[in-house]
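Notes for the structure review
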Amino acid sequence: MSIDFPARFDGVDADRLFALEYPDGMDGRSDCDAPQEYVEQLLVALADWRARLLDGTRDDADAYRAALDAVREAWLQYSFRWVGGPDLPCTFDLPRGAIA
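Attention here is on the structure that accompanies the text. All values reported here derive from a predicted model rather than from experimental measurement. (Residues numbered from 1 in each chain as written. Predicted model: local features only at pLDDT ≥ 70, side-chain atom pairs only at ≥ 80, totals over all residues. Heavy atoms only, no water.)

This next bit is on the overall build of the protein chain. The secondary structure content of the protein chain amounts to four helices and zero strands. When its helices and strands are written in sequence order, the protein chain yields α-α-α-α. In the protein chain, which comprises 100 residues, the share counted as buried stands at 27%. In the protein chain, of all internal contacts separated by at least 6 residues, the share reaching a separation of at least 24 is 55%. For the protein chain, the accessible area works out to roughly 7,000 Å², and carbon and sulfur atoms hold 53% of it. (Helix = DSSP H or I, 4+ residues; strand = E, 2+ residues; numbered from the N terminus. Buried < 20%, exposed > 50% of the residue type's maximum accessible area, 1.4 Å probe, protein only. Contact = heavy atoms within 4.5 Å. Areas by Shrake-Rupley, 256 points an atom, 1.4 Å probe, with all protein chains shown as cover.)

Within helix H2 (residues 14-21), burial applies to Ala-14, Leu-17, Phe-18 and Glu-21. Around the axis of H2, the buried residues are gathered within 100 degrees of arc, so they sit on the same side. The elements touched by buried residues of H2 are helix H3 (34-54) and helix H4 (61-80). Its side-chain oxygen 3.2 Å from the backbone nitrogen of Asp-15, Asp-13 forms the N-cap of H2. (Arc of directions from axis to C-beta. Polar contact = N/O pair within 3.5 Å; in protein donor to acceptor, adjacent residues only side chain to side chain.)

Moving on, we get to the side chain of Asp-60. Tracing the sequence through the fold places Asp-60 in the loop between H3 and H4. Note on Asp-60: relative accessible area 16%, which makes it buried. Within the structure, the side chain of Asp-60 is placed 2.6 Å from the side chain of Arg-58, a separation counted as a polar contact. Excluding anything up to four places from it in sequence, Asp-60 contacts Pro-6, Trp-49 and Leu-53.

Turning to the nonpolar core, a few remarks are in order. Phe-9, Val-12, Leu-46, Trp-49 and Val-71 are the most contacted members of the largest nonpolar core, which has 20 residues in total. Sorting the residues of this core by element identifies H2, H3 and H4 as the ones contributing at least two each. The element contributing the most residues to this core is H3, with seven residues. Not counting the four nearest positions on each side in its chain, Leu-46 is found in contact with Phe-9, Tyr-64, Ala-67, Leu-68 and Val-71. (Core = buried A, V, L, I, M, F, W, Y, C linked by side-chain atoms within 4.5 Å.)

For any pair of aromatic rings, the description rests on two quantities: the centre-to-centre distance and the angle between the ring planes. Tallying each qualifying case throughout the model produces five aromatic pairs. On the basis of an interplanar angle of 10 degrees and a centroid distance of 5.2 Å, the ring pair of Phe-5 and Trp-49 is categorised as stacked. Linking Phe-5 in helix H1 (residues 5-8) with Trp-49 in helix H3, this pair joins segments that are 44 residues apart in sequence. This pair shows no difference in class: Phe-5 is buried, exactly as Trp-49 is. Among the aromatic side chains, those forming a connected cluster through ring pairs are Phe-5, Phe-9, Trp-49 and Tyr-64. (Phe/Tyr/Trp six-rings, centres within 6.5 Å; stacked < 30°, edge-to-face > 60°.)

What follows is the structure in structure tokens.
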């Protein structure tokens with residue numbers, strides 16, 4: 001059975017990490033370990049995916065790179081955002097076609 005690695009990374013962003021930390025909303029309880037545990041699970045999946053790319057059993061390197069970038073960006077954005085902190089964009093990437 002083939003693992004759908006790309007599907008595991010759908011919707012990975014800093015907002016998802018904050019939703020894991022504050023499952024009842026920003027005024028509710030918090031689980032400070034949940035975002036890190038989630039990212040660690042994603043890293044384990046990435047390590048498995050990478051090994052399969054290197055051994056030739058998978059050929060979706062572009063999807064792997066996109067997933068890796070999504071995890072990096074989510075963790076970076078999550079790490080720099082905090083309640084009462086500066087108003088940062090959800091992503092620092094420019095929208096497609098924004099600059100010619």
